[in-house]
Amino acid sequence: MAVLRQIAQLGNPVLRAPAATVPFPLSDEARALIDDMLETLRDADGVGLAAPQVHQPLQIMIVASRPNPRYPEAVEMDPLVVVNPEVVERSTELVKGWEGCLSIPGLRGEVARHQRIKARYQTVHGESVVREFDGFIARIFQHEDDHLRGVVFLDRLENGDRLATEREYQKRFARG
Ligand code: ZN
């Protein structure tokens, strides 16, 4: 049965270390980790989670856009488990958007991301796929992929004026 994992908070070195490639077939431990990540993400009302955020420096991440109290405008999708990702193409078009992070509670910041990306990754079955992502889902993908490289959204802020507590974000920025 899946259990909730503790989410590493900013300052923990696990969030700053590059994650290791995951070998196939997946070990029992890796399968349990993925089940636990899915459960932990649901419980936390998140739209994405990377394994380093639950203290496992492995190249596993979940992209799971869905409307919830933290992201009411999010599109609905089935959670996508991504292993060993590599972004292979990026649109020149950048789009700004407000991000939060389960490892950086209480803060939101505006970050520019590529509008579209093409990524290669492996499924839980070890199949290699190449897929394009667009808009908010592309944003989540880039945010989680950053976590696998020891990067957090604060590193990508262009302007300190566009960093806010959750409360001020809701008051000032949430509706445009
Ligand atoms: Zn994050």
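You'll find the structure just up there.
Residues numbered from 1 in each chain as written. Predicted model: local features only at pLDDT ≥ 70, side-chain atom pairs only at ≥ 80, totals over all residues. Heavy atoms only, no water.

Caption draft 1: The coordination of the zinc ion, seen in detail. Binding of the zinc ion to the protein goes through Cys101 (SG), His143 (NE2) and His147 (NE2), at separations of 2.0 to 2.3 Å. Going along the chain, you hit the donors of the zinc ion in the pattern C-x41-H-x3-H. Note that histidine 143 and histidine 147 are positioned in helix H2 (residues 135-147) at a spacing of 4 residues, about one turn of the helix. Its relative accessible area of 7% is what places histidine 143 among the buried residues. (Donors = N, O, S within 2.8 Å, 3.2 Å for Na, K, Ca; no water. Helix = DSSP H or I, 4+ residues; strand = E, 2+ residues; numbered from the N terminus. Buried < 20%, exposed > 50% of the residue type's maximum accessible area, 1.4 Å probe, protein only.)

Caption draft 2: Geometry of the packing of aromatic side chains. Considering all chains together, one arrives at 6 aromatic pairs under this definition. Taking 4.5 Å as the distance between ring centres and 25 degrees as the angle between the ring planes, the aromatic pair formed by tryptophan 98 and phenylalanine 173 counts as stacked. One end of the pair, tryptophan 98, is in strand E4 (residues 94-99); the other, phenylalanine 173, is in the segment after helix H3 (166-172), with 75 residues separating them in the sequence. Both residues of the pair, tryptophan 98 and phenylalanine 173, belong to the buried class. Arranged with centres 6.4 Å apart and planes meeting at 50 degrees, the rings of tyrosine 121 and phenylalanine 141 form a pair that is tilted. (Phe/Tyr/Trp six-rings, centres within 6.5 Å; stacked < 30°, edge-to-face > 60°.)

Caption draft 3: Here's a closer look at the sheet that holds strand E5 (residues 107-114). Strand order in this open sheet of 3 strands is E4-E5-E8, and the pairing throughout is antiparallel. Each having just a single partner strand, E4 and strand E8 (163-165) make up the two edges of the open sheet. Strand after strand, the sheet turns through a mean of 25 degrees between neighbouring axes, direction not considered. Pairing analysis gives 6 bridges linking E4 to E5, with the strands arranged antiparallel. Following the sheet pairing, glutamate 99 is matched in E5 by glycine 109. On the sheet, H2 packs against E4 and E5 and is oriented at approximately 105 degrees with respect to E5. (Pairing = 2+ DSSP bridges. Axes fitted to C-alpha atoms, helices over the stretch in contact; angles between N-to-C directions. Contact = heavy atoms within 4.5 Å.)

Caption draft 4: Geometry of the layout of surface pockets. Considered as a void within the structure, the largest pocket measures approximately 410 Å³ in volume. Around the largest pocket, the lining comprises 18 residues; the ones closest to its centre are Tyr71, Glu73, Trp98, Phe136 and Tyr169. For the lining of the largest pocket, the elements supplying multiple residues, two or more each, are E4, H2 and H3. Element by element, the count of residues in the lining of the largest pocket is highest for E4, at 4 residues. Among the residues making up the lining of the largest pocket, the classes are represented as 9 nonpolar, 3 polar and 6 charged. Here the second largest pocket is characterised by a volume of approximately 190 Å³. In this structure, the second largest pocket is lined by Val87, Arg90, Ala112, Arg113, His114, Ile117, Gln142, Asp145, Asp146, Arg149 and Arg156. Counting only elements with at least two residues in the lining of the second largest pocket, the list comes to strand E3 (80-90), E5 and H2. (1 Å grid on protein atoms, 1.4 Å probe; cavity = no way out; pocket = protein on both sides within 12 Å on 5 of 7 lines; lining within 4 Å. Points joined across faces, edges and corners; volume = space filled by probe spheres on them. Nonpolar A, V, L, I, M, F, W, Y, C, P; charged D, E, K, R; others polar.)

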